[in-house]
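# Structural description and commentary
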Amino acid sequence: MDYRNDFPILGRNSASGAPLAYLDNAASTQRPRAVIDAMSECYEQYYSNVHRGIHTLSEASTDAYEKARHTTTDFINASSTREVIFTAGTTAAINTVARTWGDANVGPGDCVLLTIAEHHANIVPWHQLAERTGCRVEFLPLSDDFTIDEAVVLEHLQRLKPKMFAFTAASNTLGTEFPIANWTKLAHEHGATVLVDAAQAVPHRVIDVQSLDVDFLVFSGHKVCGPTGIGVLYGKEALLNAMPAFLGGGGMIQRVTTSGFESAALPDKFEAGTPPIVEAIGLATALRYLSDVGLDAIQAYEHQLCVYADTQLRQIDGVRIIGPTADKKGGIVSFVIDGVHAHDVSQWLDTRGIAVRAGHHCTMPLHHSLGITASSRASFYFYNTLDEAQRLVDAVREVREKFAPSGRRRRRVAN
Amino acid sequence: MSPSEQDIYEEHVLDHYEDPYHRGALEAATHAHEADNPLCGDVIHVDLKLDADGKVQEAWFSGDGCVISQASASMLMEKIEGKTVEDLKQFSANEMLDLFGPKLTPNRQKCCLLSWRVLQAALHSPVNHDGKSDDESEAIRRFGGPSLSEEA
């Protein structure tokens with residue numbers, strides 16, 4: 001699989017002069033030339049605000065913006081464009097659900113169930129909902145193998161009877177892929193509404209919201225080779241219709257009077273203000289690009305890279321993998337090295353041109369539950385190579401040698 | 001050898017990391033403070049013994065974290081013994097970065113400046129009879145700024 005030439009940035013070097021091996025794709029992916037060009041083309045040839053002007057440019061921009069919604073709808077197999085809301089990103093999408101569906105449906109004593117592996121974006125909005133409503137937020141624990149048994153999910157659903165079960169499709173730290181369809185079915189059987197944070201899934205495998213039967217599903221543009229500043233909130237039409245509007249302003253109203261307003265129909269109801277027009281056009285281009293490459297091929301290829309890196313890193317003395325074995329995860333390999341802080345690992349890898357993430361990856365509760373404060377994370381995408389995975393493994397070996405205790409002595413100064 | 005490799009992890013820095021100056025607790029501390037950077041988990045505790053003239057007789061540190069945070073704390077402890085409180089209040093962040101030596105990017109400067117901030121707070125935190133410091137300077141216990149850890 002060789003699509004590297006489609007991505008201009010992959011040809012550059014890191015500050016050290018070494019060729020860039022970009023292994024920070026779980027934080028954000030890079031953009032192919034097609035996306036960059038599509039966005040430039042809009043700005044240069046037909047950009048205008050949408051849904052407003054009666055003139056040539058506005059007609060063209062509106063047409064492209066709504067076509068982008070069609071493309072996105074098809075990509076996740078939503079049943080209607082009314083179910084696809086463009087937001088500022090995954091975070092904005094989850095906040096929208098917590099603020100509207102949450103405020104309307106959750107009360108004191110109610111439970112929102114999450115997993116301990118959630119990204120902060122799928123924790124803090126629920127903590128905020130708890131502050132507003134007096135509900136409580138509960139977390140599913142991990143097994144020793146970094147997965148969660150179905151029996152544990154079932155026990156929590158039975159005991160806690162959550163109003164909302166919000167979980168990540170794939171942990172951005174562990175890489176663990178959770179069974180969306182099974183958990184959704186169980187949750188529905190126990191009366192819970194389901195939100196899936198698919199930020200780490202939509203870029204890597206086929207996600208069909210109808211066959212999964214999820215109630216809400218969210219993802220970000222910048223993690224699917226698209227632009228920053230745009231994300232998607234999918235919701236079942238009946239749920240979205242029943243929810244009060246969130247942000248108020250232009251575009252989301254049917255009419256406004258001095259005494260009130262009437263919300264617009266879906267999807268405009270949740271798109272107040274000038275939307276991310278060019279970003280939507282870029283996102284749609286990215287989704288078409290990924291469809292051309294083929295999500296099944298992407299998934300299979302990334303799995304090869306993950307198996308290689310995961311297996312090799314596990315063989316290095318003093319390296320501990322934070323996550324399940326490769327058969328239970330996507331292309332994410334997180335690790336800690338005995339006696340070496342993640343920042344120092346990342347800094348050293350950068351001298352070899354390798355970009356990884358260092359820190360808590362916006363999963364502080366998960367790190368706390370594992371008894372660590374920080375880890376290093378390599379995350380692959382289809383434009384990475386086996387050679388880059390090898391360079392990662394070699395550089396981690398170097399880290400072990402570089403920072404191993406060597407009996408060195410500080411020069412004594414006369415006080 | 002790349003610039004960042006040579007600059008940041010030079011021998012002098014690794015020497016302080018592996019063989020630090022005054023790492024440990026000081027029973028007779030008159031002033032003490034501890035702070036962390038919750039985003040990366042670096043933590044530094046500083047114990048000071050000030051004499052009647054306001055001079056640092058002894059300075060000790062303990063903590064956990066990256067090479068930069070721990071080595072810079074060692075360098076700082078080595079530097080400040082014999083200095084007066086007034087000297088240390090004048091000791092600026094830029095001087096701390098100069099003391100460390102290798103040029104750091106803004107993200108790593110935070111690691112280097114952790115011990116400097118803890119020291120500045122410790123000067124205002126006399127130890128009570130029960131051995132606990134007063135922590136007058138809650139405002140600078142935690143500090144923000146750019147971080148490696150934000151963004152998904």
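Before going into details, it helps to say that this report is about the structure given with it. (Residues numbered from 1 in each chain as written. Chains lettered and ligands numbered in written order. Predicted model: local features only at pLDDT ≥ 70, side-chain atom pairs only at ≥ 80, totals over all residues.)

It is worth spelling out the interface of chain A and chain B at this point. Interfaces are often described in size by the accessible area the parts lose on coming together. Taken together, the contacts link 27 residues of chain A with 25 residues of chain B. Those elements that place two or more of their residues in the side of chain A that touches chain B are α11 (342-351) and β14 (357-359) of chain A. Broken down by element, the side of chain A that touches chain B gets its largest block of residues, 5 residues, from α11 of chain A. Partitioned by chemical class, the residues of the side of chain A that touches chain B number 8 nonpolar, 13 polar and 6 charged. (Contact = placed C-beta atoms within 7 Å. Helix = DSSP H or I, 4+ residues; strand = E, 2+ residues; numbered from the N terminus. Nonpolar A, V, L, I, M, F, W, Y, C, P; charged D, E, K, R; others polar.)

Glancing now at the pairing of strand β5 (residues 164-168) of chain A. All names here are of chain A. For β5, the tally of buried residues reaches 5 of 5 residues, placing the bulk of the element in the interior. Side chains M164, A166 and T168 of β5 all project onto a buried face; the interleaved residues F165 and F167 project onto the opposite face, where all are buried too. Judged from the 5 bridges that link them, β5 and strand β6 (residues 193-197) form a sheet pairing that is parallel. Counted as the bridge partner of M164 is T193 from β6. On the question of chirality, the crossover connecting β5 to the parallel β6 by way of helix α6 (residues 180-189) is right-handed. (Buried ≥ 20, exposed ≤ 12 C-beta atoms within 10 Å, placed from the backbone. Pairing = 2+ DSSP bridges. Right-handed = clockwise from strand over helix to strand, strands pointing away.)

A word on helix α3 (residues 90-105) of chain A. Residue and element names in this part refer to chain A. Here α3 contains 16 residues, and its C-alpha end-to-end distance of 21 Å stays within 8% of the 22 Å for a straight helix at 1.5 Å per residue. Those residues of α3 that fall on the buried side of the exposure criterion are T90, T91, A92, A93, I94, N95, T96, V97, A98, T100, W101 and G102. Of the surrounding secondary structure, the elements contacted by the buried residues of α3 are β2 (84-87), α4 (124-133), β6, β7 (216-220), β8 (231-235) and α8 (237-242). (Expected span 1.5 Å × (residues − 1).)

Turning next to the sheet that holds strand β15 (residues 375-379) of chain A. Residues and elements named next belong to chain A. Reading across the sheet, the 4 strands line up as β11-β12-β15-β14 and stay open at both edges, with antiparallel pairing between neighbours. With partners counted over all chains shown, the strands left at the sheet margins are β11 (319-321) and β14, one partner each. Ignoring strand direction, the axes of neighbouring strands in this sheet form an average angle of 30 degrees. Bridge count between β11 and strand β12 (residues 332-337): 3 bridges; the pairing is antiparallel. Note on β12: the bridge partner recorded for I321 is F335. Its contacts with the sheet put α11 on β12, β14 and β15, and the angle it makes with β14 is roughly 160 degrees. (Axes fitted to C-alpha atoms, helices over the stretch in contact; angles between N-to-C directions.)

Once that is clear, we can look at the sheet that holds strand β3 (residues 111-115) of chain A. Residues and elements named next belong to chain A. Read from one edge of the open sheet, 7 strands run β2-β8-β7-β6-β5-β3-β4, paired in mixed fashion. Here the strands that pair on one side only, and so sit at the sheet edges, are β2 and β4 (136-140). With direction set aside, neighbouring strand axes in the sheet form an average angle of 20 degrees. The sheet contact formed by β2 and β8 spans 4 bridges and is antiparallel. Each residue of the ladder has a partner; that of F86, found in β8, is V232.

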